[in-house]
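Residues per chain, in single letters:
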Amino acid sequence: MPADRHTEQRRCPMVTAVDHEDDDAVRITKGTQNMATEFSFGKLMQHLTSGAALSRSETLPSEEHMCKAVQGYIDNITNPDTDYAATYLAVPRTGEDPVGTKPMTIRGSGQDQLEEMKQLLDVPFITKRAELTAPISFSLGNQAAMAFKLWAEVDGRNISIDIIEVMTFDASGKICDQMAYWGVENVTLLD
(Lines give C-alpha, C1' and ligand atoms only; values in the text may rest on other atoms or scores of the structure.)
Protein backbone atom coordinates (compact mmCIF):
# COMPACT_ATOMS: atom_id res chain seq x y z
CA MET A 1 0.00 0.00 0.00
CA PRO A 2 1.25 3.54 -0.68
CA ALA A 3 2.55 5.43 2.34
CA ASP A 4 -0.19 8.06 1.93
CA ARG A 5 -3.08 5.56 1.89
CA HIS A 6 -4.62 7.07 5.02
CA THR A 7 -4.68 10.67 3.75
CA GLU A 8 -7.91 12.37 2.69
CA GLN A 9 -7.05 12.47 -0.99
CA ARG A 10 -6.64 8.87 -2.07
CA ARG A 11 -4.63 7.61 -5.00
CA CYS A 12 -5.93 4.68 -7.01
CA PRO A 13 -4.48 2.91 -10.00
CA MET A 14 -5.99 4.19 -13.21
CA VAL A 15 -5.59 3.47 -16.87
CA THR A 16 -3.73 6.38 -18.39
CA ALA A 17 -3.24 5.03 -21.90
CA VAL A 18 -4.42 2.18 -24.05
CA ASP A 19 -2.43 1.49 -27.20
CA HIS A 20 -3.79 -0.82 -29.90
CA GLU A 21 -0.58 -1.68 -31.74
CA ASP A 22 -2.26 -4.55 -33.57
CA ASP A 23 -5.28 -6.79 -33.08
CA ASP A 24 -3.37 -9.23 -30.85
CA ALA A 25 -1.53 -6.80 -28.57
CA VAL A 26 -3.06 -4.21 -26.32
CA ARG A 27 -0.78 -2.31 -23.97
CA ILE A 28 -2.31 -0.66 -20.93
CA THR A 29 -0.28 1.89 -19.02
CA LYS A 30 -1.25 2.38 -15.40
CA GLY A 31 -0.44 5.34 -13.21
CA THR A 32 -1.86 7.14 -10.22
CA GLN A 33 -3.85 10.28 -10.03
CA ASN A 34 -4.45 12.48 -7.01
CA MET A 35 -8.12 13.38 -7.28
CA ALA A 36 -9.01 16.59 -5.45
CA THR A 37 -11.12 19.68 -5.77
CA GLU A 38 -10.66 23.21 -4.46
CA PHE A 39 -12.83 24.26 -1.52
CA SER A 40 -13.63 27.39 0.40
CA PHE A 41 -16.30 28.15 2.96
CA GLY A 42 -17.10 31.30 0.99
CA LYS A 43 -18.02 29.22 -2.06
CA LEU A 44 -19.94 26.79 0.14
CA MET A 45 -21.99 29.61 1.67
CA GLN A 46 -22.64 31.08 -1.79
CA HIS A 47 -23.83 27.66 -2.95
CA LEU A 48 -26.11 27.25 0.07
CA THR A 49 -27.65 30.72 -0.19
CA SER A 50 -27.90 31.17 -3.96
CA GLY A 51 -27.63 27.72 -5.46
CA ALA A 52 -24.39 28.60 -7.29
CA ALA A 53 -22.55 25.45 -8.33
CA LEU A 54 -19.46 24.38 -6.44
CA SER A 55 -16.55 23.75 -8.76
CA ARG A 56 -15.56 20.10 -8.93
CA SER A 57 -12.80 18.61 -11.03
CA GLU A 58 -14.07 16.80 -14.12
CA THR A 59 -11.74 13.90 -13.26
CA LEU A 60 -13.75 13.20 -10.09
CA PRO A 61 -16.81 10.98 -9.99
CA SER A 62 -19.99 12.93 -9.24
CA GLU A 63 -21.67 12.65 -5.86
CA GLU A 64 -24.67 11.16 -7.68
CA HIS A 65 -22.48 8.41 -9.17
CA MET A 66 -20.78 7.69 -5.83
CA CYS A 67 -24.20 7.57 -4.13
CA LYS A 68 -25.46 5.00 -6.65
CA ALA A 69 -22.33 2.89 -6.14
CA VAL A 70 -22.47 3.00 -2.34
CA GLN A 71 -26.23 2.42 -2.14
CA GLY A 72 -25.81 -0.33 -4.71
CA TYR A 73 -23.18 -1.97 -2.52
CA ILE A 74 -25.69 -2.19 0.36
CA ASP A 75 -28.50 -3.31 -1.96
CA ASN A 76 -26.21 -5.94 -3.50
CA ILE A 77 -25.60 -7.52 -0.08
CA THR A 78 -29.34 -7.94 0.53
CA ASN A 79 -30.37 -8.69 -3.08
CA PRO A 80 -27.36 -9.75 -5.19
CA ASP A 81 -27.19 -8.18 -8.66
CA THR A 82 -24.94 -9.85 -11.20
CA ASP A 83 -24.24 -6.54 -12.96
CA TYR A 84 -23.21 -4.60 -9.84
CA ALA A 85 -19.56 -5.75 -9.72
CA ALA A 86 -18.92 -5.03 -13.40
CA THR A 87 -20.45 -1.58 -13.11
CA TYR A 88 -19.02 -0.34 -9.81
CA LEU A 89 -16.08 -2.47 -8.60
CA ALA A 90 -12.54 -2.04 -9.93
CA VAL A 91 -10.44 -5.10 -10.64
CA PRO A 92 -8.19 -5.29 -8.79
CA ARG A 93 -9.26 -3.37 -5.70
CA THR A 94 -7.71 -3.11 -2.27
CA GLY A 95 -9.00 -2.77 1.24
CA GLU A 96 -8.91 -3.58 4.92
CA ASP A 97 -11.86 -5.25 6.65
CA PRO A 98 -11.62 -4.31 9.45
CA VAL A 99 -9.07 -1.49 9.28
CA GLY A 100 -5.96 -2.52 11.16
CA THR A 101 -5.90 -6.05 9.77
CA LYS A 102 -3.82 -7.30 6.87
CA PRO A 103 -4.57 -5.32 3.69
CA MET A 104 -6.19 -7.40 0.97
CA THR A 105 -6.33 -7.21 -2.79
CA ILE A 106 -9.30 -8.66 -4.65
CA ARG A 107 -8.14 -9.53 -8.16
CA GLY A 108 -11.23 -11.18 -9.58
CA SER A 109 -14.80 -10.25 -10.30
CA GLY A 110 -18.08 -12.14 -10.16
CA GLN A 111 -17.67 -15.75 -9.05
CA ASP A 112 -13.86 -15.38 -8.87
CA GLN A 113 -14.32 -12.57 -6.35
CA LEU A 114 -16.59 -14.73 -4.18
CA GLU A 115 -14.02 -17.52 -4.18
CA GLU A 116 -11.24 -15.08 -3.22
CA MET A 117 -13.33 -13.73 -0.34
CA LYS A 118 -14.08 -17.27 0.92
CA GLN A 119 -10.34 -17.97 1.06
CA LEU A 120 -9.86 -14.99 3.40
CA LEU A 121 -12.33 -16.36 5.97
CA ASP A 122 -11.44 -19.03 8.51
CA VAL A 123 -15.06 -20.05 9.31
CA PRO A 124 -18.30 -20.20 7.29
CA PHE A 125 -19.59 -16.63 6.79
CA ILE A 126 -22.96 -15.98 5.15
CA THR A 127 -24.14 -12.40 4.73
CA LYS A 128 -27.88 -12.01 5.34
CA ARG A 129 -28.64 -8.35 4.78
CA ALA A 130 -27.34 -4.82 5.22
CA GLU A 131 -28.97 -1.49 5.93
CA LEU A 132 -27.69 2.09 5.94
CA THR A 133 -27.93 3.66 9.40
CA ALA A 134 -27.08 7.25 8.37
CA PRO A 135 -26.95 9.29 5.16
CA ILE A 136 -24.06 8.63 2.76
CA SER A 137 -21.31 11.23 3.18
CA PHE A 138 -19.00 12.46 0.43
CA SER A 139 -15.53 13.96 0.41
CA LEU A 140 -14.75 16.76 -1.98
CA GLY A 141 -12.35 14.33 -3.60
CA ASN A 142 -12.89 10.77 -4.71
CA GLN A 143 -14.27 9.16 -1.56
CA ALA A 144 -17.64 8.39 -0.02
CA ALA A 145 -18.43 6.98 3.42
CA MET A 146 -21.38 5.09 4.78
CA ALA A 147 -22.51 3.87 8.17
CA PHE A 148 -24.39 0.59 7.98
CA LYS A 149 -25.39 -2.50 9.90
CA LEU A 150 -24.53 -5.90 8.50
CA TRP A 151 -26.34 -9.06 9.60
CA ALA A 152 -24.56 -12.34 8.97
CA GLU A 153 -24.32 -15.94 10.02
CA VAL A 154 -20.79 -16.73 11.15
CA ASP A 155 -19.85 -20.30 11.99
CA GLY A 156 -23.54 -21.11 12.56
CA ARG A 157 -24.25 -18.12 14.84
CA ASN A 158 -26.15 -14.93 13.94
CA ILE A 159 -24.39 -11.60 14.46
CA SER A 160 -24.72 -7.98 13.50
CA ILE A 161 -21.84 -5.57 12.90
CA ASP A 162 -22.02 -1.76 12.95
CA ILE A 163 -19.61 -0.59 10.25
CA ILE A 164 -18.38 2.70 8.82
CA GLU A 165 -16.89 2.09 5.40
CA VAL A 166 -14.91 4.54 3.29
CA MET A 167 -14.81 3.80 -0.42
CA THR A 168 -12.34 5.37 -2.82
CA PHE A 169 -13.19 5.74 -6.50
CA ASP A 170 -10.78 5.63 -9.43
CA ALA A 171 -10.96 7.90 -12.48
CA SER A 172 -13.39 5.52 -14.20
CA GLY A 173 -15.84 5.85 -11.29
CA LYS A 174 -15.25 2.36 -9.88
CA ILE A 175 -14.55 1.54 -6.25
CA CYS A 176 -10.83 0.77 -6.05
CA ASP A 177 -10.28 0.77 -2.27
CA GLN A 178 -12.51 -0.05 0.70
CA MET A 179 -11.69 0.66 4.33
CA ALA A 180 -14.17 -0.91 6.79
CA TYR A 181 -14.00 0.59 10.29
CA TRP A 182 -15.32 -1.72 12.99
CA GLY A 183 -13.98 -3.52 16.04
CA VAL A 184 -14.98 -6.16 18.55
CA GLU A 185 -17.26 -3.69 20.38
CA ASN A 186 -19.22 -3.18 17.13
CA VAL A 187 -20.19 -6.87 16.87
CA THR A 188 -23.34 -8.16 18.56
CA LEU A 189 -24.05 -11.87 19.02
CA LEU A 190 -27.77 -12.27 18.29
CA ASP A 191 -28.30 -15.87 19.42
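Rules used in this analysis
- Per-chain numbering applies: the sequence of each chain, read as written, is numbered from 1 onward.
- Local features are withheld for residues below a pLDDT of 70 in this predicted model, meaning they are given only at 70 or higher, and side-chain atom pairs are given and counted only at 80 or more; totals for whole chains, interfaces and linings count all residues.
- Hydrogens and waters are ignored; side-chain quantities use all the structure's heavy atoms.
- Comment: elements are numbered from the N terminus, with helices defined as DSSP H or I runs of at least four residues and strands as E runs of at least two.
- Contact definition: two residues touch when any of their heavy atoms are within 4.5 Å.
- What makes a salt bridge here is a side-chain nitrogen of Lys or Arg within 4 Å of a carboxyl oxygen of Asp or Glu, nothing more.
- Burial status follows relative accessibility: with a 1.4 Å probe on protein chains alone, a residue under 20% of its type maximum counts as buried, one over 50% as exposed, and anything between as partly exposed.
- When the centres of two rings from Phe, Tyr and Trp lie within 6.5 Å, Trp using its six-membered ring, the rings pair. Their planes under 30 degrees apart give stacked, over 60 give edge-to-face, and anything left gives tilted.
- Working rule: Lys NZ or Arg CZ, within 6 Å of ring centre, within 35 degrees of ring normal, means a charge sits over the ring.
- Strand pairing is defined by DSSP finding a minimum of two bridges between the two strands.
- To form a nonpolar core, buried Ala, Val, Leu, Ile, Met, Phe, Trp, Tyr and Cys residues must be joined to one another through side-chain atoms within 4.5 Å.
- For every residue, the predictor states its confidence as a pLDDT score lying anywhere from 0 to 100.

Novice: Now, about the overall build of the protein: what can you tell me, with residues and values included?
Specialist: Along the protein, the regular secondary structure elements total 4 helices and 10 strands. When the helices and strands of the protein are read in sequence order from the N terminus, they spell out β-β-α-α-α-β-β-α-β-β-β-β-β-β. The long-range share in the protein, meaning contacts at least 24 apart out of those at least 6 apart in sequence, stands at 51%.

Novice: Can you lay out unusual backbone geometry for me, pointing to particular residues and giving the numbers?
Specialist: Geometrically, the link from Val-91 to Pro-92 is a cis peptide bond, its omega value of -5 degrees lying close to zero. Position of Pro-92 among the secondary structure elements: in strand β3 (residues 89-96). The linkage connecting Asp-97 with the following residue, Pro-98, adopts the cis geometry, with an omega of 0 degrees. Unlike most non-glycine residues, Asp-155 shows phi in positive territory, near 50 degrees. Tracing the sequence through the fold places Asp-155 in the loop between β7 (143-154) and β8 (157-169).

Novice: Could you give an account of the pattern of salt bridges, with specific residues and numbers?
Specialist: A complete count under the given rule lists 5 salt bridges for this structure. As a salt-bridge pair, Glu-153 and Lys-128 come within 3.6 Å of each other at their nearest N and O atoms. Residue Glu-153 is located in strand β7, and its partner Lys-128 is located in strand β5 (residues 125-132); the two are separated by 25 residues in the primary sequence. Residue class for Lys-128 comes out partly exposed when judged on its relative accessible area of 42%.

Novice: So what about the packing of aromatic side chains? Which residues, and what values?
Specialist: This structure, assessed with the given rule, holds 1 aromatic pair. When the ring of Tyr-84 is compared with that of Tyr-88, the centres are 5.3 Å apart and the planes differ by 35 degrees; the resulting orientation is tilted. In this pair, Tyr-84 and Tyr-88 both sit in helix α3 (residues 84-88), 4 residues apart, roughly one turn of the helix. Tyr-88 matches Tyr-84 in its accessibility class, with the two residues each being buried. Directly above the ring of Trp-151 sits Arg-129, whose terminal nitrogen or CZ lies 3.6 Å from the centroid.

Novice: Describe the pairing of strand β9 (residues 175-181), listing the residues and the values that go with them.
Specialist: Judged by how many residues are buried, β9 sits mostly within the fold: 6 of 7 residues are covered. Pairing between β3 and β9: 4 bridges, direction parallel. If you follow Leu-89 over to β9, its bridge partner there is Ile-175. Here β8 runs beside β9; their pairing, made up of 6 bridges, is antiparallel. Within β9, the residue paired with Ile-164 across the bridge is Tyr-181. Here β8 folds back onto β9, and the loop between the two strands holds 5 residues, one of which, Gly-173, carries a positive phi near 85 degrees.

Novice: Give me the lowdown on the nonpolar core, citing residues and values where you can.
Specialist: Membership of the largest hydrophobic core comes to 25 residues, with the highest contact counts inside it found for Val-70, Met-146, Phe-148, Leu-150, Met-167, Phe-169 and Ile-175. Elements that contribute at least two residues to this core include exactly α2 (63-78), α3, β7, β8 and β9. Contact partners of Leu-150, with chain neighbours within four places excluded, come to Ile-77, Phe-125, Thr-127, Arg-129, Ala-130, Ile-159, Ser-160, Ile-161 and Ile-163.

Novice: Can you explain the environment of Glu-131? Please cite residues and give values.
Specialist: Relative to the elements of secondary structure, Glu-131 occurs in strand β5. In the structure, Glu-131 is positioned 17 residues away from Phe-148 in sequence and 5.4 Å away in space, judged by C-alpha atoms.

Novice: Can you explain the confidence of the model for the protein? Please cite residues and give values.
Specialist: Scored by pLDDT, the protein has a mean of 80; 76% of the residues are at 70 or more. Here residues 14-34 is a poorly scored stretch, pLDDT under 50, and it has 36 contacts once near neighbours within four places are set aside; other chains count.

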